[in-house]
Amino acid sequence: MALAASASILSATAANAVASPSPSPEFEDGRYIVVLAEDALATYDGGITGLAATAPQRGDDLDAESSAAREYTAHLTDRHEDVAQSVGATIDAGLTATVNGFVADLTAEQASELSRQSGVRAVEQNEILQVQSSPANDYLELGELWNQVGGMGEAGAGVVVGVIDTGIAPENPFFAGEPLGTAAGDEPYLDGEAITYVKGDGQTFTGVCQTGSGFTADDCSTKIVGARYFVDGFGTENLGTETQVPGEYVSPRDGDGHGSHTASTAAGNADVAITSVGGADLGTMSGVAPEARIAAYKVCWSGPDPAITDDDGCASTDLVQAIDQAVLDGVDVINYSIGGGAATSVATATDLSFLGAAAAGVFVSASAGNSGPGASTLDHAAPWYTTVAATTIPNYEATITYADGSKVAGASITVPFDGSLTGELVYAGSIPAAGADAADAALCLPGTVDPAGAAGMIVLCDRGVNARVEKSQVAGEAGAIGAIIANVDPSSIDLDDHTVPTVHIDAQYRDQALAAAEAGETVTFTPGNTSGVQTPAPVVAGFSSRGPVEAEGSDVIKPDIAAPGVGIVAGSYQAPGGPARYEFLSGTSMAAPHIAGLAAVYLSEHPLATPAEVKSALMTSAEDTVLADGSREMDPFSQGAGIVDSPSFLNPGLIYQNGTEDWFGYLRGLGYGLPDTWVGEAIDPSDLNIPSIGIGTLSGEQTVTRTLTALEVGTYEVSVEGVTGVDVEVSPQVLEFTEVGQELSYEVTFTTASAAPNEWTTGFLTWANDANAVRSPVAVRPLAVDVPQWVEGNGRIGTVRLDGTAGTSGRMTIDEAGYAPYERIARDSGAVDEQLAYPVTVEEGELVHDFALAGDESVADLDLYILRLDENGTPVEQWVGGTESADEAVLLEDPTPGEYLAMVHVYSIDGAESTEFVLEHAAVSQSDRAGHLTVVPPKRWVSTGDDFHVRAVWAGLRPNEQYLGVVEYELGGSTERTYLYTETSRGWFHWRADHADTE
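Residues numbered from 1 in each chain as written. Predicted model: local features only at pLDDT ≥ 70, side-chain atom pairs only at ≥ 80, totals over all residues. Heavy atoms only, no water.

- As annotated in an unreviewed UniProt entry, the protein chain carries the name Serine protease and comes from Agrococcus baldri.
- The heading Sequence similarities (unreviewed entry) in the UniProt record of the protein chain holds the text "Belongs to the peptidase S8 family." (UniProt positions renumbered as here; feature names shortened; annotations may be inferred.)

### Focus on helix α7 (residues 349-359)
Note: α-helices contain 3.6 residues per turn, so residues at a spacing of three or four share the same orientation.
Here is step 1: Of all 11 residues in α7, 11 are buried, a share of seventy percent or more.
Here is step 2: Following α7 by one or two positions, Gly 361 has its phi on the positive side, about 95 degrees. (Buried < 20%, exposed > 50% of the residue type's maximum accessible area, 1.4 Å probe, protein only. Helix = DSSP H or I, 4+ residues; strand = E, 2+ residues; numbered from the N terminus.)

### Here's the deal with the UniProt feature "active site" (unreviewed entry) in the protein chain
Here is step 1: The positions that UniProt labels "active site" (unreviewed entry) are, in the present scheme, Asp 165, His 258 and Ser 589. The annotated residues occupy 425 residues of the chain but converge on a single region, no pair of C-alpha atoms lying more than 10.0 Å apart.
Here is step 2: Among the residues examined, Asp 165 registers a relative accessible area of 0% and is labelled buried.
Here is step 3: Side chain to side chain, Asp 165 and Thr 262 meet in a polar contact 3.2 Å long.
Here is step 4: Its location among the elements puts Ser 589 in helix α12 (residues 588-605).
Here is step 5: Among the residues examined, Ser 589 registers a relative accessible area of 0% and is labelled buried. (Polar contact = N/O pair within 3.5 Å; in protein donor to acceptor, adjacent residues only side chain to side chain.)

### Concerning the packing of α12 against helix α13 (residues 611-620)
Here is step 1: Where α12 meets α13, the axes come as close as 10 Å, and the angle between the chain directions of the two elements is 115 degrees. The orientation of α12 with respect to α13, classified from their angle, is roughly perpendicular. Between α12 and α13 the crossing geometry is right-handed. Residues Ile 595, Leu 598, Ala 599, Tyr 602 and Leu 603 of α12 pack against Glu 613, Val 614, Ala 617 and Leu 618 of α13.
Here is step 2: Taken together, the residues that form the contact of α12 with α13 break down as eight nonpolar, no polar and one charged. (Axes fitted to C-alpha atoms, helices over the stretch in contact; angles between N-to-C directions. Parallel < 35°, antiparallel > 145°, perpendicular 65-115°, else oblique. Left-handed = near helix turned anticlockwise from the far one by under 90°. Contact = heavy atoms within 4.5 Å. Nonpolar A, V, L, I, M, F, W, Y, C, P; charged D, E, K, R; others polar.)

### Some remarks on the sheet that holds strand β42 (residues 810-821)
Here is step 1: Pairing is mixed in the open sheet, where five strands are placed in the order β40-β55-β54-β42-β52. Each edge of the open sheet is held by one strand with a lone partner, namely β40 (790-794) and β52 (939-942). Taking the axes of each pair of neighbouring strands and ignoring which way they run, one obtains an average angle of 25 degrees across the sheet.
Here is step 2: As paired strands, β40 and strand β55 (residues 974-983) are joined by five bridges and run parallel to one another. For Trp 790, the partnering residue across the bridge sits in β55 and is Tyr 979. (Pairing = 2+ DSSP bridges.)

### Topic: the state of the cysteines
Here is step 1: Scanning all chains against the criterion turns up three disulfides.
Here is step 2: Shown here is the disulfide that connects Cys 209 with Cys 220, its sulfur atoms set 2.1 Å apart. Measuring the twist about the S-S bond at about 95 degrees, one finds the Cys 209-Cys 220 disulfide to be right-handed. Separated by 11 residues along the polypeptide, Cys 209 in the loop between β9 (204-208) and β10 (224-229) and Cys 220 in the loop between β9 and β10 bring together distant segments of the chain.
Here is step 3: Exposure remark for Cys 209: the relative accessible area of 14% places this residue in the buried category.
Here is step 4: By relative accessible area, Cys 220 is classed as buried at 4%.
Here is step 5: Sequential numbering of the bridged cysteines in the protein chain gives the disulfide pattern 1-2, 3-4, 5-6. (Disulfide = S-S within 2.5 Å.)

In structure tokens, the structure reads:
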């Protein structure tokens, strides 16, 4: 079993599942993450003679300094060296804590060779990702939360928050601490060069203050207990300079501001006086967990042009090293406000690194991404971390008063808090500079606004193309005394430090502003919202990425939760010796650290809580957000479980526990091929014991199971809200917990009633008593028709019954294509690690093309790769059959016509130098009519939930052959298929039918 280059670490290897294309298998010279098959420290449960288990028990942290951990680390390191030396590669960084592997620069030939080497799980190329970028304190009611844990000085006590980001500005008051002493005690101290801190859970954090440009050992303190940087993957040759503004530093110093912002939001000091860059006094702000300590891991870097972000980024090879090191250091929480677009897998190198972190007891908060509001744009889809959406909050506002006395409120921190501004309003698109396009002038692009038209005026600019602060700057440089920025389409309204007084309004108010500008009306800006219309909040931001996640069957609802992420003020970059800076930023990057900080507060109160417990407490106590019109939001793919309810989550009553065995079982249930030594039996992904319930394909009826663990005694009754068009039955209806730690399970049966097929229906399931309400979001998507993917027939003449279930009512039509015979591509043999390639042509109009490899199961493990080639013969798509078997299959539905390669890789042989195999294929098009395959009846009326059957009939097949046919069902605009394998002599299908899962 092996895996070629892919975006994901593991391959979906269900042998008769419809294969999904993966990225091109072509390797290039470059930097790679090489992942090996054995467990990492966080997940090794024993099994190797002489090496004790290192995986922590539930509630414990990973003890990387134990004798067992040191011995197993040495074993893994030796294995790393053996693998690297086998291709002549040099290891740049070893990975042992969260994922087992190493980082190395490889040639294309080395990478290709490693990808098919025994014991190598994946070879993943370096990827450049991006960072995703108060009143929030009041909105989250942090004062009430802090009182529950003994006051502000106890919020986050004994907890270390690891921030993987752009670094940290150590002089900022948010990060002020005492100099590190050398005497052991409750505060962090120096033990040689190591920063040592005994945490609230009894474990020890051991950090390093890595020095570099603009960062000395004195920049660490009792607040900043660790600071490291990882740059090899990004490359120092791609960095900006210290002299640019903002500067970049080869050290943990933050040259961007993003990392300082997220760190101060999560765990910055309390009651820090904030002044905007423009000089506005914004009062005092606090981090969510002000007593928590911070360990900064700089992995994101600025390029040489501060005006753009295309040359900035975070290298995946640096990221996995930082995650691994953070866990080895002993952090309790990781904030990860970094992303790379819509998720296509739950098993990338970073996903599996975070699985290892969670297995080691580390809670991970990850941003959902800033690609909304479109569906299925969300990043970070795996269930072992918490994915966070961004919402608005009641924030700083100013009011525009028009000539008729009507008022509109918008976002602003630059309208004087103790004054007003009055001026004539003009639309920038009506005063283009000489030679400038009016459309560019409307956007207030540099050099496009005529000073003669703008002087002394308030200028209306449309949002889009350039930065918001640049728009007001352009207006101000043209002589304007103020500006209005209007969204053209509904989106967030943001707080920016504009150079002239500016109000940002949403799209529904643009027409009024435009009409006033065209009429030359005089308008007045005043501080605060005096419009009489309260701005709805919290609203999920338009930029916040949405689910459902199309990857992996959509059975896990994402995002998990929402938190404030629009107009968040916090710390920013700071040059050595320069003034402290604070800025407003918006993004899911700003939402994630609120959750990281809340997790730190929870762990300060419950130091032995698992990551799953913290996530459950946050989700099950959450409340609904609102839509832009103020009505209730109920879409879990927008808000997750809802916005976090800080005062109530510390005592959730009941929790949903899950751990390594559950996560590996989930991956197996998805069809990923995991080593036998990894724990966890395969489960239906919908049965993963998480605080949400998702069914991506509801086929008439499905029952899911959940288990609740009591944190206090009590009797709970269940209620279900929403899930329109689907009947929901919960059993039992009452759960009585008589002792703390007791586990009780319940089942939920979903049956399609009137719900539209292939459309999501959502709601909530709540267990409640007088003290607690434990709420879970629910989302199910009924299918129009559920039929078996494969059915087997026998004989030259025959019939077989095909059973199905209707998910909607209507007239169903059934059509057939085929049969087509299986034909031999090759009968061949190969030695270990030999790769044998055979050209195949896929013709226009093929419905399906099936490849079947049969080998000697008693001695061999073979893998089958199908590669689509472009006109130059270069592979552009790849499908893999890679189970621990000599028999493999890959099925391509509606394949792109063209030239392909079928490649057999001899992965291993037991006790022989070579092994024989047979490779066959069958291609079915609508015109294939061998055997006169027909289906009766061809049409029938069905009702929702009906079980039905039809019969496939054939005659005249040749003897001693295997055939493939296709039966298609059309109902309610949806089409499903059953593949009919028929043999007139015994063939390889018996292995497929007996051993393969279906997708």
